[in-house]
Amino acid sequence: DAKTTQPNSMESNEEEPVHLPCNHSTISGTDYIHWYRQLPSQGPEYVIHGLTSNVNNRMASLAIAEDRKSSTLILHRATLRDAAVYYCPEYMKTSYDKVIFGPGTSLSVIP
Amino acid sequence: DTEVTQTPKHLVMGMTNKKSLKCEQHMGHRAMYWYKQKAKKPPELMFVYSYEKLSINESVPSRFSPECPNSSLLNLHLHALQPEDSALYLCASSQGLAGEETQYFGPGTRLLVL
């Protein structure tokens, strides 16, 4: 089963880029990499996902290492609204419907 | 419409009460999920329904009883809960397998058991 690890917390200044890392030490070739975030007092929301190539969308960019053992979520210009807990969950190979959220990274944005 | 709705937003119940949480999605998704989230902890998976059938039960106590009456609706029936069951209960849905597709989460029901 794919296990992920993330730093507990990170800080960023407003309007600066933020790079949030995730290690996928046991990822297999067919496991997708997802990122979600949870703003205070809200349910988690999807941010981005990818398999092998780097991905961009309106919220963020996802850089995936060539060996896929790590990924980095990139927020190009952090805003106060980006203060949240960011998760890169793992999935059980026996059941890809079974999602396991680790503690995530709590991102603080300093004005 | 990519919205998952949950009602009620807040719920206070006694340990002898029976209550239900409701979740609805109109995206035609085949899978629906219940998660429990304690304060400052990540969401923990409780149940998964796939095509209206229970496919995963994460050894949840029987005082929590899920129900999927149709493809758009998911309920969680609560009976004889304990104070430690107080938490945020999140519902989610996805079209494909959660490991391959996006999960859409509702805002949650904040439950307090007295």
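In this text the structure is predicted, and so the values were computed from the model without any measurement.

> Explain the state of the cysteines here, please?
Disulfide: a covalent bond connecting the sulfur atoms of a pair of cysteines. All chains considered together, the criterion is met by two disulfides over all chains. Bridging A:Cys22 to A:Cys88, the disulfide has an S-S length of 1.9 Å. Disulfide A:Cys22 to A:Cys88: torsion about the S-S bond roughly 85°, handedness right-handed. Of the two residues, A:Cys22 sits in strand β3 (residues 18–24) while A:Cys88 sits in the loop between β9 (84–87) and β10 (90–92), which places them 66 residues apart along the sequence. The exposure classification of A:Cys22 matches that of A:Cys88, with both residues buried. The residue that forms a disulfide with B:Cys23 is B:Cys91, at a sulfur-sulfur distance of 1.8 Å. Taking the sign of the S-S torsion, about -70° here, the bridge from B:Cys23 to B:Cys91 comes out left-handed. Of this pair, B:Cys23 sits in strand β3 (residues 18–25) while B:Cys91 sits in strand β9 (residues 87–94), placing them 68 residues apart in sequence.

> What's the story with the packing of aromatic side chains in this structure? I'm lost.
Any pair of aromatic rings gets described here by the distance separating the centres and the angle formed by the planes. Enumeration according to the criterion identifies nine aromatic pairs over all chains in this entry. Measuring from centroid to centroid gives 5.4 Å for B:Tyr35 and B:Phe105, while their planes differ by 45°, and the two rings are tilted. With B:Tyr35 in strand β4 (residues 31–37) and B:Phe105 in strand β10 (residues 104–105), this residue pair connects regions lying 70 residues apart in the sequence. Exposure class is identical for B:Tyr35 and B:Phe105. Each is buried. A network of ring pairs unites the aromatic residues A:Tyr36, A:Tyr46, A:Tyr87, A:Phe101, B:Tyr33, B:Tyr35 and B:Phe105 as a single cluster.

> Just to check I follow, could you spell out the sheet that holds strand β1 (residues 4–7) of chain B for this structure?
Paired through backbone hydrogen bonds, the strands of a sheet run either parallel or antiparallel to each other. Residue and element names in this part refer to chain B. Taken in spatial order, the four strands make up an open sheet running β1-β3-β8-β7, and their pairing is antiparallel. Whereas interior strands pair on both sides, the edge strands pair on one side only; in this sheet they are β1 and β7 (64–70). Taking the axes of each pair of neighbouring strands and ignoring which way they run, one obtains an average angle of 20° across the sheet. Both β7 and strand β8 (residues 73–79) contribute to a ladder of five bridges, which runs antiparallel. Note that in β8 the partner of Asn-70 across the bridge is Leu-73.

> What am I meant to see in the interface of chain B and chain A here?
It is common to give the size of an interface as the accessible area that goes away when the parts come together. In this assembly, 26 residues from chain B lie in contact with 20 residues from chain A. Between chain B and chain A, roughly 1,700 Å² of surface is buried when both sides are summed, and carbon and sulfur atoms account for 56% of that area. Three residues stand out in chain B for area buried against chain A, namely B:Gly99, B:Glu100 and B:Phe105, and they jointly supply 27% of the buried area on that side. Summed over the shared surface of chain B and chain A, the number is one salt bridge. For A:Lys98, the salt bridge is made with B:Glu58, and the minimal N-O distance between the two is 3.0 Å. For the interface between chain B and chain A, the tally reads four residue pairs in polar contact (both at pLDDT 80 or more). Of all the elements in the fold, those that place two or more residues in the side of chain B that touches chain A are β4, β5 (44–50) and β9 of chain B. With four residues, the top contributor of residues to the side of chain B that touches chain A is β4(B). Among the residues forming the side of chain B that touches chain A, the class breakdown is 14 nonpolar, six polar and six charged.

> Even after reading the chapter, I still don't get the nonpolar core, so can you show me in this structure?
A general tendency of soluble globular proteins is for nonpolar side chains to be buried together. By size, the foremost hydrophobic cluster in this structure holds 23 residues, and its most contacted members are B:Trp34, B:Phe64, B:Leu76 and B:Leu78. Listed by contribution, the elements that provide at least two residues to this core are β2 (10–13), β3, β4, β5, β7, β8, β9 and β11 (109–113) of chain B. Membership of the second largest hydrophobic core comes to 20 residues, among which are A:Ala60, A:Ala78, A:Ala84 and A:Leu107.

> Got a minute to help me understand a nonpolar patch on the surface in this structure?
On the surface, B:Val12, B:Leu112 and B:Leu114 cluster together to form a nonpolar patch covering roughly 280 Å² of accessible area. Relative to the helices and strands, B:Leu114 resides in the segment after β11.

> Before we go on, may I ask you to explain the side chain of A:Ser61 in this structure?
All names here are of chain A. On the secondary structure map, Ser-61 appears in strand β7 (residues 61–64). There is a polar contact of 2.5 Å between the side chain of Ser-61 and the side chain of Asn-56. Within the structure, Ser-61 has its side chain in polar contact with the side chain of His-76 (distance 2.7 Å).

Rules of the game
Residues numbered from 1 in each chain as written. Chains lettered and ligands numbered in written order. Predicted model: local features only at pLDDT ≥ 70, side-chain atom pairs only at ≥ 80, totals over all residues. Heavy atoms only, no water. Disulfide = S-S within 2.5 Å. Helix = DSSP H or I, 4+ residues; strand = E, 2+ residues; numbered from the N terminus. Buried < 20%, exposed > 50% of the residue type's maximum accessible area, 1.4 Å probe, protein only. Phe/Tyr/Trp six-rings, centres within 6.5 Å; stacked < 30°, edge-to-face > 60°. Pairing = 2+ DSSP bridges. Axes fitted to C-alpha atoms, helices over the stretch in contact; angles between N-to-C directions. Contact = heavy atoms within 4.5 Å. Buried area = accessible area lost by both parts, 1.4 Å probe. Salt bridge = Lys/Arg side-chain N within 4 Å of Asp/Glu carboxyl O. Polar contact = N/O pair within 3.5 Å; in protein donor to acceptor, adjacent residues only side chain to side chain. Nonpolar A, V, L, I, M, F, W, Y, C, P; charged D, E, K, R; others polar. Core = buried A, V, L, I, M, F, W, Y, C linked by side-chain atoms within 4.5 Å. Patch = residues over 30% accessible without salt bridge, like charges linked within 9 Å, V, L, I, M, F, W, Y side chains within 5 Å. Areas by Shrake-Rupley, 256 points an atom, 1.4 Å probe, with all protein chains shown as cover.

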